[in-house]
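Close look at the chain arrangement
These are the residues of each chain, in order.
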Amino acid sequence: MIIAPSLLAANFARLASEVARVNASGADWLHLDIMDGHFVPNISFGPVVVKALRPLSPLFFDVHLMCSKPDILLEPFAQAGASQLNLHVELGEALTPLLWSVRALGKRVGLVVNPPTSVSLVQPFLDHIDNLLIMTVNPGFGGQSFIYESLPKIQQAAAWRRDRHLAYTIAVDGGVDFKTAVECARAGADTFISGTALFSQRNLGAAVRRLRKLLEEETANQR
Ligand code: DX5
Ligand code: ZN
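Residues numbered from 1 in each chain as written. Chains lettered and ligands numbered in written order. Predicted model: local features only at pLDDT ≥ 70, side-chain atom pairs only at ≥ 80, totals over all residues. Heavy atoms only, no water.

1. Thoughts on the overall build of the protein chain
What counts, and what does not: Starting at the N terminus, helices and strands are each numbered in turn, a helix being any DSSP run of H or I of at least four residues and a strand any DSSP run of E of at least two. As a reference, a globule follows 2.2 Å times the number of residues to the power 0.38, and the radius of gyration itself is taken over C-alpha atoms. Buried, partly exposed and exposed residues are distinguished by accessible area as a fraction of the type maximum, computed with a 1.4 Å probe on protein chains only: under 20%, between the cut-offs, and over 50%, respectively. Residues are treated as being in contact if the distance between any of their heavy atoms lies within 4.5 Å. Here the Shrake-Rupley method, with its probe set to 1.4 Å, supplies the accessible areas, and only the displayed protein chains count as covering residues. None of His or the chain ends enter the tally, which takes Lys and Arg as positive and Asp and Glu as negative. Where a charge lies is defined by one atom per residue type, namely NZ (Lys), CZ (Arg), CG (Asp) and CD (Glu).
Summing up its helical and strand segments, the protein chain has eight helices and eight strands in all. For a compact globule of 223 residues, the expected C-alpha radius of gyration is about 17 Å, and the protein chain comes in at 16 Å, within 12% of that figure. Buried residues in the protein chain amount to 55% of all 223 residues. Intrachain contacts of the protein chain at a sequence separation of at least 6 include 64% that bridge at least 24 residues. Surface accessibility of the protein chain: about 9,800 Å² in total, with carbon and sulfur atoms responsible for 54%. Of the charged side chains in the protein chain, 20 are positive and 20 negative, and the gap between their average positions amounts to 7 Å.

2. What about the packing of aromatic side chains?
How we decide: Here a pair means two rings of Phe, Tyr or Trp (six-membered ring of Trp) with centres within 6.5 Å. Their orientation is stacked below 30 degrees between planes, edge-to-face above 60, and tilted elsewhere. Working rule: Lys NZ or Arg CZ, within 6 Å of ring centre, within 35 degrees of ring normal, means a charge sits over the ring.
On inspection of all chains with the given rule, the structure shows three aromatic pairs. Between Phe-146 and Tyr-148, the ring centres sit 4.9 Å apart and the planes meet at 75°, which makes this aromatic pair edge-to-face. Since its relative accessible area comes to 10%, Phe-146 is described here as buried. Take Tyr-148: its relative accessible area is 34%, and that puts it in the partly exposed class. Sitting over the face of the ring of Phe-61, Arg-54 holds its NZ or CZ atom 3.6 Å from the ring centroid.

3. Section: the coordination of the zinc ion (ligand 2)
Condition: Counted as donors are the N, O and S atoms within 2.8 Å of the metal, or 3.2 Å for Na, K and Ca, while water is not among the atoms, so some sites may look incomplete. Note on geometry labels: four donors, all angles 85 to 135 degrees, give tetrahedral; four donors become square planar and six octahedral when opposite donors are over 155 degrees apart and every other angle is between 65 and 115; remaining cases are irregular.
In this structure, His-31 (NE2), Asp-33 (OD), His-64 (ND1) and Asp-173 (OD) serve as the protein donors to the zinc ion (ligand 2), at separations of 2.0 to 2.3 Å. Viewed at the metal, the six donor atoms of the zinc ion (ligand 2) are separated by angles of 70 to 166°, and the geometry they form is octahedral. Each donor residue of the zinc ion (ligand 2) lies on the same chain, and together they follow the pattern H-x1-D-x30-H-x108-D. Taken together, the residues His-31 in strand S2 (residues 29–35) and His-64 in strand S3 (residues 60–66) connect sequence positions 33 residues apart. Overall, the relative accessible area of 0% leaves His-64 in the buried class.

4. Let's talk about unusual backbone geometry
Residue His-165 is not a glycine yet carries a positive backbone phi of 55°. Structurally, the position occupied by His-165 is in the loop between helix H5 (151–163) and strand S7 (169–173).

5. Section: the sheet that holds strand S1 (residues 2–5)
Consider a sheet: its strands pair through backbone hydrogen bonds, and that pairing is either parallel or antiparallel. In plain terms, the rule: Strands were regarded as paired on the criterion that DSSP finds at least two bridges between them. Lines fitted to C-alpha atoms define the axes, with helix axes restricted to the stretch in contact, and inter-axis angles between N-to-C directions lie between 0 and 180 degrees.
One open sheet accounts for eight strands, arranged S1-S8-S7-S6-S5-S4-S3-S2; its pairing is parallel. Of all strands in the sheet, those with a lone pairing partner are S1 and S2, marking the two edges. Strand-to-strand twist in this sheet, taken as the mean axis angle between neighbours without regard to direction, amounts to 25°. Judged from the five bridges that link them, strand S6 (residues 131–135) and S7 form a sheet pairing that is parallel. Along S7, the bridge assignment pairs Leu-133 with Ala-171.

Right, here's the structure in full:
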């Protein structure tokens, strides 16, 4: 069970103290959304910011690249201290060499699928990835509502993992709150990226503990 607060929902006027809050919260990963104003209609931050934050946190840095030209960004983000680089399956033909580049840089490899995209597109890559990220909103902005049509994709990802004896994590991102996270866990997700629902809480540590407890109760019920 991995809980990954998404920094996009933090107060950007004081990123250092927001990262300190996440460090102290008991969360497992810090999710970092990289938006280029082209692949998605929004711009967030780049490798310089990730590099500045790296010494402030011992957490796993989960970098989500929502960028049209990730080829020019893999090395900068690897050097900035990313632990995992997630690439969108919507990149098409460009994807295979990019995944190998991430591996060659010594980073964990993630693959992301958007709500309108068929989950079958990720199938050829399943043997080669560490993380499969199912978007549960259309990427670009925090604070959107969870898209319930994503749940069968999570079930499919979990079935493939079981049938093929693979070990990739199954992550969900977008509109993940205390209710929808449990529904995703029921469908087979194990990694929960959450921005607004966590950062809007005054006590982030209590929120992470509450979410973990709900998720643990759900997985205990499944056994
Ligand atoms: C959306 C990003 C998400 C975002 C989630 O494009 O990929 O990581 O921060 O935010 P919430 O949890 O507010 O939907
Ligand atoms: Zn994200």
